[in-house]
Amino acid sequence: MALKPLSLAWRWALWVWIALAIAGAFFYAPLAKDFIGQSSRILFFHVPMAWASFVAFLAAGVWSVVYLWKRQPDHDRAAAAAVELGLVFAVLATLTGAMWAKVMWHAWWNWDPRQMSIVIALAFYGAYLVLRGGVEDPEARARLCAVYAVIGLVVAPYLYFVMPRQAEFSLHPQPVVNAAAKVEMNSRMLQVLITSSLGFTVFFFWVHGLRRRLLRLADRRAEGSVTA
Amino acid sequence: MSADAPARVEAAAPSASAAAGAPASAPARRWLAEAAAVFAKDWLAELRSRHALHTLLLFAVTTLITVSVALGPLGVSSSERLAVLPALLWVILLFAAAAGLPRAFVHEEETHTATALRLAATPSAVFAGKVAYSASLLFAVELLLVPLYVAVMQLPVPALADLLLALVAGGFGLALASTLLAAIAAQAQGRAALFPILAFPILLPLLLLAIELTRGAVGGAVGDGVVANLVLYDATMAVAGLMLFPLVWNP
C-alpha cells in the first residue's frame, strides 16, 4: 500500500489523457476527406476499441500460456478477466462500426471482411465463456479454458490482421498500417488516434486489474463457504 | 505420467537398433505403433457398432435430400449455382462432421475407457491416432456423398484436382480441429451442445477457404493464396493439436 499516492496519480493522469483524446477527436483533428458529415470522428473511438479488444485477447492468450506453464489460479483468473473485457470492447467496436456503416454505407451490416472477422472473434470468445460455465472442477476448467484461449492466440491475429487485408474487396477504410505498410493519415488525426489508443489500452489494464481482484475475492469466498 | 514411463526407459537405454543404423529411433517407432494402435482400435470399435459411420452418412444423405428437394437440379438459377452449391456442400459436410466426430472422445468418457487409454499410450500418439481415424471417417463419407451431390445437383467439375485438394485438405483440417475440440468438450457438461459452439468459430476460416477452392473446382474464380492458406491452416492446427492435446488429455 506504500504505492498508493502514485497509483492514484496515474489514474488521474489517465483521466486527463482520455479527456484530451476526446477533446482532440472533436476539436483538434480535422475531418477526413470523402466522409459524410462528421462521421470520420468515430475513428478515434472505434479503432481504439477494436485495438483494446485485440490487446485483451492477446493478453488472455499470454496469461493462458503462463497458466499452463505455472498452474497458478491467479493467471487463469487474469485470462478470464481479459476475455470478458475483450468481449466488451469488441461489442463496442462492432456497434460503433455498425453506426458508422449506417451513415457511410447506408446499411448497419453488409458482411464486410472486417465485420466477418469481428463476428468470428465474438463467437470464439463467447464460446470461451460458455466453456468456463460448462466445467465444474476449477482445475479442469482453468486447464481446458487455457488451451482454448491458446487456440485463440493462434486464430486471433489471423482474424484481426491477415483476413481483412487479404480480402479482394472491402469497403472498410484502409487500416492505419495497410497492406503497403504505409501510414496514410493526416498527422493531427494520427496524433489523436495514437493518444486515444494508448488511453484505451491503459484503461483496459486498469479495469482488468479490478476485475481480476474481484474474481480472486469471489474464489476466496467460495473456498471459505466450502470449509465453513 | 505413467504413460511416459516405458518410453523414458526405452530412451534411457540406447537401443541396439540405433547402433545397427535403423532409420527411425526406437521412441519414434514406438510412438508410431501407439498411434496406429489407437487408429486400429477406433476402427475396430467402429466396425462393430458402425454408429459413427451410420450417423455421419445418414446425416449427410438426409441433408443432401433436403437440399436436393428444395433446390433440385434447376432450383438455382445458373448464375447463382457457383455461389450457392459449393457452400451447401460444405455446410452438409460440416454438420455431418459435427454430428459424428465428437463421439471419438465422448465415447471414451461414457464407457470409462479414457483412463485405460491414458495409461496405454502417449498423449500425442492418441491425438495422431484419433485424427487419422476422424479423417478417414470423413474421407469415407466424402467418397460417398460428393459424387452423389455432384450427380444430383448436375454440377460440372472442370478442375477435378482442385476439388480433391479441397476435400482432402478441408476434411483433414476438419478432423484436426474437431479432435482437439472434442477432447475439450468431452470433459465438460453438455458435451453434445458444447462442441459446435467451441468448434464453429475455429472451423469458419477453414470452411470459407474450402468453399472458395471448391467454387474454383466447379468453374468459379479462386483468389490468390487459397491453397496456401488452406495448407497453412492444416499445418497450424496439426502443430497446435500436437502441442495442446497432452494438456487437455492429462488431468
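Residues numbered from 1 in each chain as written. Chains lettered and ligands numbered in written order. Predicted model: local features only at pLDDT ≥ 70, side-chain atom pairs only at ≥ 80, totals over all residues.

Asker: Report on the overall build of chain A, specifying residues and quantitative values.
Answerer: Each helix and strand in chain A was counted, giving six helices and zero strands. Secondary structure of chain A in N-to-C order comes out as α-α-α-α-α-α. The buried share of chain A, reckoned over its 228 residues, is 35%. Sequence-distant contacts, at least 24 apart, represent 76% of the contacts inside chain A between residues at least 6 apart. (Helix = DSSP H or I, 4+ residues; strand = E, 2+ residues; numbered from the N terminus. Buried ≥ 20, exposed ≤ 12 C-beta atoms within 10 Å, placed from the backbone. Contact = placed C-beta atoms within 7 Å.)

Asker: Break down the overall build of chain B for me, with residues and values.
Answerer: Within chain B, the regular secondary structure consists of 11 helices and zero strands. Expressed as a percentage of its 251 residues, the buried residues of chain B come to 42%. By sequence separation, contacts in chain B at least 24 residues apart represent 80% of the contacts at least 6 residues apart.

Asker: Help me get a handle on helix 3 (residues 73–105) of chain A, residues and values and all.
Answerer: In this model, helix 3 of chain A (33 residues) spans 46 Å end to end at C-alpha, consistent with the 48 Å of a helix rising 1.5 Å per residue. Looking one or two residues beyond helix 3 of chain A, the residue adopting positive phi is His106(A), at roughly 60°. (Expected span 1.5 Å × (residues − 1).)

Asker: Please set out the confidence of the model for chain B residue by residue, giving values where relevant.
Answerer: Residues and elements named next belong to chain B. Confidence in the prediction for chain B averages 83 pLDDT; 89% of positions are at 70 or higher. Note that pLDDT drops below 50 for residues 1–21; the model gives that stretch 19 contacts with residues more than four away or on any other chain. We note a pTM of 0.82 for the whole complex and an ipTM of 0.79 for its interfaces. (pLDDT = per-residue confidence, 0-100.)

Asker: Any details on the interface of chain A and chain B? Residues and values, ideally.
Answerer: Tallying the contact residues gives 21 residues for chain A and 21 residues for chain B. A per-element tally of the side of chain A that touches chain B places helix 5 (residues 138–166) of chain A first, with 11 residues. The residue inventory of the side of chain A that touches chain B, partitioned by class, reads 17 nonpolar, two polar and two charged. (Nonpolar A, V, L, I, M, F, W, Y, C, P; charged D, E, K, R; others polar.)

Asker: Please give an account of helix 3 (residues 26–49) of chain B that cites residues and values.
Answerer: All names here are of chain B. Under the 1.5 Å per step criterion, the end-to-end length of helix 3 is 35 Å for 24 residues, consistent within 8% with the ideal 34 Å. For helix 3, the full list of buried residues reads Glu34, Ala35, Val38, Phe39 and Asp42. Considering only its buried residues, helix 3 is in contact with helix 6 (103–110) and helix 8 (123–152). Residue Arg50 follows helix 3 closely and has a positive phi angle near 55°.

Asker: Can you explain the packing of helix 9 (residues 160–186) of chain B against helix 11 (residues 226–249) of chain B? Please cite residues and give values.
Answerer: All names here are of chain B. Orientation of helix 9 relative to helix 11, taken along the N-to-C sense of each, is 20°, at an axis distance of 9 Å. Here helix 9 lies roughly parallel to helix 11, going by the angle between them. The interaxial crossing formed by helix 9 with helix 11 has left-handed handedness. Of the residues in helix 11, those in contact with Leu165, Ala169, Phe172, Gly173, Leu176, Ala177, Thr179, Leu180, Ala183 and Ile184 of helix 9 are Val227, Leu230, Val231, Tyr233, Asp234, Met237, Ala238, Gly241, Leu244, Phe245, Val248 and Trp249. (Axes fitted to C-alpha atoms, helices over the stretch in contact; angles between N-to-C directions. Parallel < 35°, antiparallel > 145°, perpendicular 65-115°, else oblique. Left-handed = near helix turned anticlockwise from the far one by under 90°.)

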